[in-house]
Amino acid sequence: METQLNSRMKKFLLVINCIILAIGNCGGPLITRLYFIKGGARIWLSSWLQTVAWPIVLIPLTISYFNRRRKSQDKILSMVQNNSNNDNNDNTKVILMTPLIFVASIGIGILTGVDNYLYAYGEAKLPVSTSALVIASQLAFTAAFAFLLVKQKFSAYSINSIFLLTLGAVVLALHANRDRPNGEPKREYVLGFIMTLGAAALYGLILPLFELLYKKAKQDVTYTLVLEIQAVYCFFATGVCTSGMIINKDFQAMSREAKTFELGEGRYYIIIIWSAIIWQCFFLGAIGVVFSSSSLVSGILITVLLPVTEILGVVFYGEKFTAEKGVSLVLSTWGFISYLYGDIKNSKKTKNQSPEQEMIDKICTP
């Protein structure tokens, strides 16, 4: 696991992480909205649930450590049998990340904690189908920050995709008042819209920060290292939300809220537990896709899954499917197809390119 991954293994990891991301990206908003529409009202609690299940990552990290240790011991045994004079000590590291990566992960974790709150606030005020389309604007922010931070290259197709996805969110915003839930003040609805847009912008920064971290790391970036980063940043994001819960006295309120929950006290805690697990799938899948491909691809996948979330919100919660949502959905789908077509075309061009031309392009690229 600690050696450089070949391209076949990276493709395998990309597929696995796409599946994990799909589960979290579609299931997370639905179960969070279920909490709010059935009587839940604690925004900091909802924020906290998005990263509190980070100890799940310790399971594959433990397996990885013992696997590395076994390989190291087998190597030592082989040296002893061959009477080698090399160092025969077991130097298997428990933690692979350097102090620099650790500090950077803390910073990303704090930003994620703030992003969790912004997103949870939006989920509390907006229908799932509406918030999903607002989050689609995240791709534009991801693309902009990827260009600034990691020098992401853009084609005419990717620019067209970003424009269409952003336009879809704008169309929805212009007629957002029609989708306001009954009894909710206009001010609260508008604030929820702004908070969701802020969450999209902030997470659009966080994804390229991960890619920048991988590129600047002065060590081999393995999948185990990615899992360590996941554990650290989710731990500190949870710390930010825990502070908010303590100040807002959410821990004391949970037992009272459970007793008045529409689905019953037992199901209240089931929703809380599964919410934490499903959201951890989202974060693990997102940074896994960044590792296996790029931050822009991760943003594209998150965006293309949003229409699925929107449709599920209409099916399960009976939310209105307005004309504006239909237009926004078409624009989002069109934007994704544009990006996908451009990516396929670029892949074919790269495959057919001569080695000499490829070397020239690399030299000429700043």
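Details of the structure are given in the entry above.
Source: prediction; values computed, not measured.

## Here's the deal with the overall build of the chain
A tally of regular secondary structure across the chain gives 14 helices and zero strands. Listing every helix and strand of the chain by position from the N terminus yields α-α-α-α-α-α-α-α-α-α-α-α-α-α. Within the chain, buried positions represent 48% of all 366 residues. Within the chain, contacts between residues separated by at least 24 positions form 85% of all contacts whose residues are at least 6 apart in sequence. Surface accessibility of the chain: about 18,300 Å² in total, with carbon and sulfur atoms responsible for 66%.

## Observations regarding the packing of aromatic side chains
Enumeration over the complete set of coordinates arrives at 20 aromatic pairs. With centroids separated by 5.4 Å and ring planes inclined at 80 degrees, the aromatic side chains of tyrosine 119 and tryptophan 279 adopt a geometry described as edge-to-face. Separated by 160 residues along the polypeptide, tyrosine 119 in helix α4 (residues 99-125) and tryptophan 279 in helix α11 (residues 265-292) bring together distant segments of the chain. Across the pair, exposure class does not vary: tyrosine 119 and tryptophan 279 are buried alike. Both rings, one in phenylalanine 210 and one in tyrosine 233, keep their centres 4.9 Å apart while their planes meet at 65 degrees; by these two values the pair is edge-to-face. Taken as a pair, phenylalanine 210 in helix α8 (residues 186-216) and tyrosine 233 in helix α9 (residues 223-248) lie far apart in primary sequence, 23 residues in all.

## Thoughts on the side chain of serine 275
With respect to the element layout, serine 275 can be found in helix α11. You can call serine 275 buried: its relative accessible area is 4%.

## Section: the packing of helix α6 (residues 138-150) against helix α12 (residues 295-317)
Viewed as axis vectors pointing N to C, α6 and α12 meet at an angle of 175 degrees, and their least axial separation amounts to 9 Å. One way to sum up the angle between α6 and α12 is to call them roughly antiparallel. Contacts between α6 and α12 involve Gln138, Leu139, Thr142, Ala143 and Ala146 on the former and, on the latter, Ser295, Leu296, Gly299, Ile300, Ile302 and Thr303. Looking at the contact of α6 with α12 residue by residue, the classes come out as six nonpolar, five polar and no charged.

## Some details on empty space enclosed by the protein
Take a probe with the size of a water molecule and roll it over the atoms, and the empty space left behind shows itself. Within this structure, the stated rule accounts for three cavities of 30 Å³ or more. In this model, the largest cavity occupies a volume close to 210 Å³. Every residue lining the largest cavity is counted, 21 residues in all, and those nearest its centre are Tyr119, Ile135, Gln138, Trp279 and Phe282. Those elements that place two or more of their residues in the lining of the largest cavity are α1 (7-37), α4, α5 (128-135), α8, α11 and α12. If one sorts the elements of the lining of the largest cavity by residue count, α4 sits on top with four residues. Of the residues in the lining of the largest cavity, the class split is twelve nonpolar, seven polar and two charged.

## Notes on the packing of helix α10 (residues 250-260) against α11
Where α10 meets α11, the axes come as close as 7 Å, and the angle between the chain directions of the two elements is 125 degrees. Between α10 and α11, the angle falls in the class oblique. Between α10 and α11 the crossing geometry is right-handed. Residues Met254, Ser255, Glu257, Ala258 and Lys259 of α10 touch α11, and the partners they reach there are Glu265, Tyr268 and Tyr269. Per-class residue counts for the contact of α10 with α11 are four nonpolar, one polar and three charged.

Rules and cut-offs
Residues numbered from 1 in each chain as written. Predicted model: local features only at pLDDT ≥ 70, side-chain atom pairs only at ≥ 80, totals over all residues. Heavy atoms only, no water. Helix = DSSP H or I, 4+ residues; strand = E, 2+ residues; numbered from the N terminus. Buried < 20%, exposed > 50% of the residue type's maximum accessible area, 1.4 Å probe, protein only. Contact = heavy atoms within 4.5 Å. Areas by Shrake-Rupley, 256 points an atom, 1.4 Å probe, with all protein chains shown as cover. Phe/Tyr/Trp six-rings, centres within 6.5 Å; stacked < 30°, edge-to-face > 60°. Axes fitted to C-alpha atoms, helices over the stretch in contact; angles between N-to-C directions. Parallel < 35°, antiparallel > 145°, perpendicular 65-115°, else oblique. Nonpolar A, V, L, I, M, F, W, Y, C, P; charged D, E, K, R; others polar. 1 Å grid on protein atoms, 1.4 Å probe; cavity = no way out; pocket = protein on both sides within 12 Å on 5 of 7 lines; lining within 4 Å. Points joined across faces, edges and corners; volume = space filled by probe spheres on them. Left-handed = near helix turned anticlockwise from the far one by under 90°.

Functional significance is not addressed by these values, which are geometric in nature.
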